[in-house]
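Coordinate inspection notes
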Amino acid sequence: MIETAKLIPSKDVREYMEKQGRVLSDFEKATLIYNHSGMSHAEIRECLKELMDITQDADLKEEIQDRLSFDELCLRRFYENSAGYVFELYVYDSEERKTREYGCYKTGEEAVECGKKRNENFTIYKVPDGSGDEEDDCYLECKATVCFDKQGVIQGFYSREAEWTAKKPENDRERFENAYVEIPHPFSNGDFVRAKYNDRLGDEVGIVECNREDDITEQTHTYRDYSDDSLRVAYVYASARFGHEHVRIVDLEYATPDEEDEKKEILYCAQNLILGKGGLSDLQFLCDEYRGKKQEAKRKVKSLRKIRAILLGVFYGSVFLMQMVGWTIVNHMGDFEIPIWGVIATAALMTLLTCSAYLLLRGLYQKVRGIEETTFEEDMYEMFRTNG
């Protein structure tokens, strides 16, 4: 038996459903499993197989078997049909929340191995290599996309390499993959929430600003699918810019802005506005103040980078000078009458200068941590590698 705790990531939604006495049918369970944000592709397959074995719904059994067979065929063709295609690797940078391209590869296996070395989530696109019939309008379109976590485990995929042959069309809203599931929830306008299993949003706290019931009342279309069971959540982005995301209800949990969050006051002020309290001028003031602090921080970082560049030169110059002094002493000891105390004093001075520059550099890197693209040790390694 597949428990509700495995189907509904949000503990708050689970507790509310239990209070409401909401029981999920096998068909609804299949929908939640297939669209689960926190399961890998392999975990979803295993849960669907388990559900297929225990359900008494013959139609659902058939639909699950269609899905399992089709997915297996698509993934097999992703790796097998490599002639005439290249595999483009894109890696997600969790710190900057950006996706970066990391080249093209001849095989899917090679692209996966390279992606795993980056220790970040990555995506591989299978695209034509340009050797085919370029007059075909669809020729240059992506044939398949596979998403992986940092360990190289498949999280999801899209494919146009296999033909769907089941009775119902793949995008039919009556199939379990796309069906709308009514999920009761405890959230109201103005509630602070956090989304689970969302790499793009991370641990950001958002504000519920439009209840699902209001959305449904205003909808003009007749049909709904799984994606419609969501809430509109407002977020504060960079430079105090506001936006919103449509987040699945089953992934939302109550949250409280962290004390260390620089946007905390903005969030509380925006919450008051949604609840009909406060004024726009208060929110505008806090946003302007936040932007000013960010701009001042950027100016400080810019100055620190200039000082860092100077100290890097001092550090490298000190090392070079120590090498030259050492070489001169060793090779010309007999040409000059240098007392031993002079040699010791010179070596001590060079060592002191080098260590001072080193400590100052480390302190500067700590101040700009989180903004710099490289660490202190990486810069040092690159300097010595480049200059021998």
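These lines cover the structure that appears in this document, whether it is placed above or below. (Residues numbered from 1 in each chain as written. Predicted model: local features only at pLDDT ≥ 70, side-chain atom pairs only at ≥ 80, totals over all residues. Heavy atoms only, no water.)

1. Regarding the layout of surface pockets
The space that makes up the second largest pocket amounts to roughly 1200 Å³. Around the second largest pocket sit 42 residues that line it, and Ser37, Cys147, Gln155, Gly156 and Phe157 are the ones nearest its centre. Listed by contribution, the elements that provide at least two residues to the lining of the second largest pocket are helix H4 (41-54), helix H5 (58-80), strand S1 (85-93), strand S3 (122-128), strand S4 (144-148) and strand S5 (154-159). Within the lining of the second largest pocket, the residues separate by chemical class into 18 nonpolar, 14 polar and ten charged. (1 Å grid on protein atoms, 1.4 Å probe; cavity = no way out; pocket = protein on both sides within 12 Å on 5 of 7 lines; lining within 4 Å. Points joined across faces, edges and corners; volume = space filled by probe spheres on them. Helix = DSSP H or I, 4+ residues; strand = E, 2+ residues; numbered from the N terminus. Nonpolar A, V, L, I, M, F, W, Y, C, P; charged D, E, K, R; others polar.)

2. Description of the packing of helix H3 (residues 26-34) against H4
At a closest axis distance of 9 Å, the pairing of H3 and H4 adopts a crossing angle of 170°. It follows from the interaxial angle that H3 and H4 lie roughly antiparallel. Between H3 and H4, the residues in contact are Asp26, Lys29, Ala30, Ile33 and Tyr34 and Ile44, Cys47, Leu48 and Leu51, respectively. For the contact of H3 with H4, the class distribution of residues is seven nonpolar, no polar and two charged. (Axes fitted to C-alpha atoms, helices over the stretch in contact; angles between N-to-C directions. Parallel < 35°, antiparallel > 145°, perpendicular 65-115°, else oblique. Contact = heavy atoms within 4.5 Å.)

3. Some thoughts on the pattern of salt bridges
One pass over the structure, following the stated rule, counts 20 salt bridges. The salt bridge partner of Glu161 is Lys126, with a shortest N-O separation of 2.7 Å. With Glu161 in the loop between S5 and strand S6 (192-195) and Lys126 in strand S3, this pair connects stretches of sequence that are 35 residues apart. The pair formed by Glu161 and Lys126 is uniform in burial state, with each residue classed as buried. Where Glu204 meets Lys263, a salt bridge forms, and the shortest distance between an N and an O atom there is 3.6 Å. On the criterion of sequence distance, the pair formed by Glu204 in the loop between S6 and strand S7 (205-210) and Lys263 in the loop between strand S10 (252-254) and helix H8 (264-274) is long-range, its members being 59 residues apart. Beyond isolated ion pairs, a larger network of salt bridges with shared partners links Asp66, Arg67, Asp71, Glu170, Arg175 and Glu177. (Salt bridge = Lys/Arg side-chain N within 4 Å of Asp/Glu carboxyl O. Buried < 20%, exposed > 50% of the residue type's maximum accessible area, 1.4 Å probe, protein only.)

4. Observations regarding the pairing of S3
Within a regular strand, the side chains alternate between the two sheet faces. Burial within S3 is extensive, with six of its seven residues counted as buried. Pairing geometry for S1 and S3, over seven bridges, is antiparallel. Residue pairing across strands places Val91 opposite Phe122, the latter belonging to S3. (Pairing = 2+ DSSP bridges.)

5. Details of the packing of aromatic side chains
Under the defined criterion, the tally for this structure stands at eight aromatic pairs. Ring geometry for Phe78 versus Phe87: centroids 5.4 Å apart, planes at 80°, classification edge-to-face. In this structure Phe78 comes out as buried when scored by relative accessible area, which is 1%. Considering the side-chain rings of Phe187 and Tyr254, the 5.0 Å spacing of their centres and the 70° angle between planes classify their relative orientation as edge-to-face. Highlighted residues: Phe187 in the loop between S5 and S6 and Tyr254 in strand S10, separated in sequence by 67 residues. We classify Tyr254 as partly exposed; its relative accessible area is 38%. Counting every residue linked through ring pairs, the aromatic cluster contains Phe78, Tyr79 and Phe87. (Phe/Tyr/Trp six-rings, centres within 6.5 Å; stacked < 30°, edge-to-face > 60°.)

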